[in-house]
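Chain by chain, the residues run as shown.
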Amino acid sequence: MSAFTVGDAAPSVGLPDTDGRTHAIDPSAAPATVVVFTCNHCPYALAWHDRLAAVARDYRERGVRAYAINSNDAERYPRDSYEAMQQRVCADGGWPMPYLHDESQDVARAFGARVTPDVFVLDRDGRVVYRGAPDPDYGDPALDAQWLRAALDDTLAGRPVGRAETEPVGCSVKWKAG
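What you see is a predicted model; the values in this text were computed from it and never measured. (Residues numbered from 1 in each chain as written. Predicted model: local features only at pLDDT ≥ 70, side-chain atom pairs only at ≥ 80, totals over all residues. Heavy atoms only, no water.)

Draft legend 1. Layout of the packing of aromatic side chains. Inspection of every chain in the model, using the stated rule, returns six aromatic pairs. Residues phenylalanine 37 and phenylalanine 120 carry aromatic rings whose centres are separated by 6.0 Å and whose planes lie at 85° to one another, so their mutual orientation is edge-to-face. One end of the pair, phenylalanine 37, is in strand E3 (residues 32-37); the other, phenylalanine 120, is in strand E7 (residues 118-123), with 83 residues separating them in the sequence. One exposure class covers both phenylalanine 37 and phenylalanine 120, and it is buried. An aromatic cluster is defined as three or more aromatic residues linked by ring pairs; in this entry it consists of Phe37, Phe111 and Phe120. (Phe/Tyr/Trp six-rings, centres within 6.5 Å; stacked < 30°, edge-to-face > 60°. Helix = DSSP H or I, 4+ residues; strand = E, 2+ residues; numbered from the N terminus. Buried < 20%, exposed > 50% of the residue type's maximum accessible area, 1.4 Å probe, protein only.)

Draft legend 2. The arrangement of the nonpolar core in detail. Val34, Leu52, Met97, Val119, Val121, Leu148 and Leu152 are the most contacted members of the largest nonpolar core, which has 28 residues in total. Mapped onto this core, the elements with two or more residues apiece are E3, helix H1 (43-60), strand E4 (65-70), helix H2 (82-92), E7, strand E8 (128-132) and helix H4 (146-156). Element by element, the count of residues in this core is highest for H1, at five residues. If we ignore the near neighbours within four places in the chain, the residues touching valine 34 are Val64, Arg65, Ala66, Tyr67, Val119, Phe120, Val121, Leu148 and Leu152. Counting residues in hydrophobic clusters, the runner-up holds 17 residues, among them Leu15, Val35, Phe37 and Leu100. (Core = buried A, V, L, I, M, F, W, Y, C linked by side-chain atoms within 4.5 Å. Contact = heavy atoms within 4.5 Å.)

Draft legend 3. Summary view of the state of the cysteines. All told, the structure shown has one disulfide when counted by the stated rule. Cysteine 39 takes part in no disulfide bond, and the closest cysteine sulfur to it belongs to cysteine 42, at a distance of 5.0 Å. Summary of cysteine pairing: cysteine 90 is not part of a disulfide, and the nearest cysteine sulfur, belonging to cysteine 39, is at 18 Å. Accessibility expressed as a relative area gives 67% for cysteine 90, which makes it exposed. (Disulfide = S-S within 2.5 Å.)

Spelled out as structure tokens, the structure:
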């Protein structure tokens, strides 16, 4: 498994969303792109969900694209199945970003995703400029994804990201056996 670090180039990939439409994650099409590996069952991912959704909404007008990706093994974790993803999006109704299904786990492996959530910010050149957690404490909504927001603000202003890497915190990605 590779692991992107700050400065590495991310691949352009395509994955289906909960409506079956394929979305190309093409960093050159936006001034910044957020890629979040997440899932339906992890308490960390669920705790940060509203903050990550708010970032996607708040930065959309500035051209930022955001994608949530579920790469977990749905056979061992049925709450992370494609059908469960569809139900979650329909029940929530407020998903401001495509929720993509990485059934093969190839995209998670390519990024070196370790936990849910694992957040990556890519610049227009497709380089990783931030990797880590949304903010320092999943249990404190008042922190409002401050690390992610700061990374986006720096990227959009053309500055190097001040805090380019933090330790992602969450449940491990549920890899398929074999």
